[in-house]
Amino acid sequence: MVRKNFYQKSTSGFNCAISLRLVLTLLCTAFLMSSCGSSDQSKLNEDNQFTIRKGTNIAHFLSQSKRQGEERKQFFTEKDVKAIAAMGFDHIRLPIDEEQMWDDNGNRHQEAFQLMTNAIDWSIANDLKVVVDLHILRSHYFNAEIKPLWIDPAEQEKFFDLWRDLSKTLSKYPNNRVAYELMNEAVADDPESWNSLLNKAFAAIRALEPKRTIVIGSNSWQSVNTFDVLKVPANDPHILLSFHFYEPFLLTHYQARWTYLKNYSGPVKYPGVILTEEEFSQLPDSTRAIVDEWVGREFDKSIIEAMWQKPLAKAKELGLPLYCGEFGILTTAAETDRLNWYRDMIGLLEKKGIAYANWNYNSDEFGLTDNGKRNEELIKIVSGTE
């Protein structure tokens, strides 16, 4: 009896121990599964986001270039992609022009599409992300006097069709590796024209790719000054707001042959008063008329930061990230002034958490490199490795 009672008591205790252990095991397993699932989901969400920090533009390859055939093919190769990654960048902005990618009837130039996908494939293989930027349309060149895009519905529909066609090729790439920039530097007389067009183009892409990051810039050359009138599609987290910055223009486009400054060879400096009254008074009368708007104007890091308030406010209002997709200074400006400006720009971009891509990687005008010749100091500054 004692033995039996002891056995029953022991068995009961044993069963309770098993039950308790089983419950604890199940709870721990559930916790771990929940924890792991949460971690995996968090990682998945993070991985699906297109996040960038610093990059460079691949200009004069599939945009603003007359190169064709082997010359175009050799202008940008996997060797360049590896060099960009080694510099410390995490992405490239890849401008493409309508005339480079399609003929007048909208048929693809297959070689150009192959070069585009090669550049993307090389970038992904070297852990670089890509912003594909539809840079110049036949119906819209940012410096042209007449831009049919704003007045011709057929040209607008053609613009949407270009993105539909691009999506056929680019949709295979992961959302966290490739983003689409609707159009470079829209210049509409009425900002509502751009607001209307960008929302229609956005909808055309969204119908095909609901979670692709789409880069949207402001009107008037993606100016910081027009950000307050930019109307961004609502309730969409997969948007990157973009502005371009080339101020002060007298410095960044010093002697630029395509601007009103092409014949100006007088003084310019940064930081400080860009052109003093005394310097201005010593210029020939014909030259004064070119640069009178710059006399006595001061530019430094704090003034540049103040100029960015509209895009910063818009990004904060909408809870969206901000991207400076272009900035740079022509090599015609004095090197000391150039490097001072670049240091201030990078310092501010990093301080404000703004992703960026300088204009550009390889050219004799703005380049980090010039046909193989590297500007090592500029590379260190722009890549943030100085």
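Rules behind the numbers
Residues numbered from 1 in each chain as written. Predicted model: local features only at pLDDT ≥ 70, side-chain atom pairs only at ≥ 80, totals over all residues. Heavy atoms only, no water. Axes fitted to C-alpha atoms, helices over the stretch in contact; angles between N-to-C directions. Helix = DSSP H or I, 4+ residues; strand = E, 2+ residues; numbered from the N terminus. Parallel < 35°, antiparallel > 145°, perpendicular 65-115°, else oblique. Left-handed = near helix turned anticlockwise from the far one by under 90°. Contact = heavy atoms within 4.5 Å. Nonpolar A, V, L, I, M, F, W, Y, C, P; charged D, E, K, R; others polar. Buried < 20%, exposed > 50% of the residue type's maximum accessible area, 1.4 Å probe, protein only. Pairing = 2+ DSSP bridges. Core = buried A, V, L, I, M, F, W, Y, C linked by side-chain atoms within 4.5 Å.

Caption draft 1: How the structure looks around the packing of helix α14 (residues 335-352) against helix α15 (residues 376-383). Between α14 and α15, whose axes approach to 9 Å, the crossing angle comes to 15°. As the angle between them shows, α14 and α15 are arranged roughly parallel. The two elements α14 and α15 cross, and the hand of that crossing is left-handed. Of α15, the residues touching α14 (which contributes Arg-338, Leu-339, Tyr-342, Arg-343 and Ile-346) are Glu-377, Leu-378, Ile-381 and Val-382. Per-class residue counts for the contact of α14 with α15 are six nonpolar, no polar and three charged.

Caption draft 2: View of the pairing of strand β6 (residues 239-245). The buried fraction of β6 amounts to seven of the seven residues, a majority that puts the element mostly inside the structure. Burial along β6 is two-sided: the residues Ile-239, Leu-241, Phe-243 and Phe-245 and Leu-240, Ser-242 and His-244 are all buried. The pairing of strand β5 (residues 214-217) with β6 spans four bridges and is classified as parallel. Opposite Ile-216, over in β6, you have Leu-241 as the bridge partner. Where β6 meets strand β9 (residues 322-327), five bridges bridge the pair, whose relative direction is parallel. When the bridges of β9 are listed, Phe-243 appears paired with Cys-324.

Caption draft 3: Up close: the nonpolar core. Counting 97 residues, the largest nonpolar core has Phe-76, Met-116, Phe-159, Trp-308 and Trp-341 as the members making the most contacts within it. Residues Phe-50, Ile-52, Val-131 and Ala-357 belong to the second largest nonpolar core, which totals nine residues.

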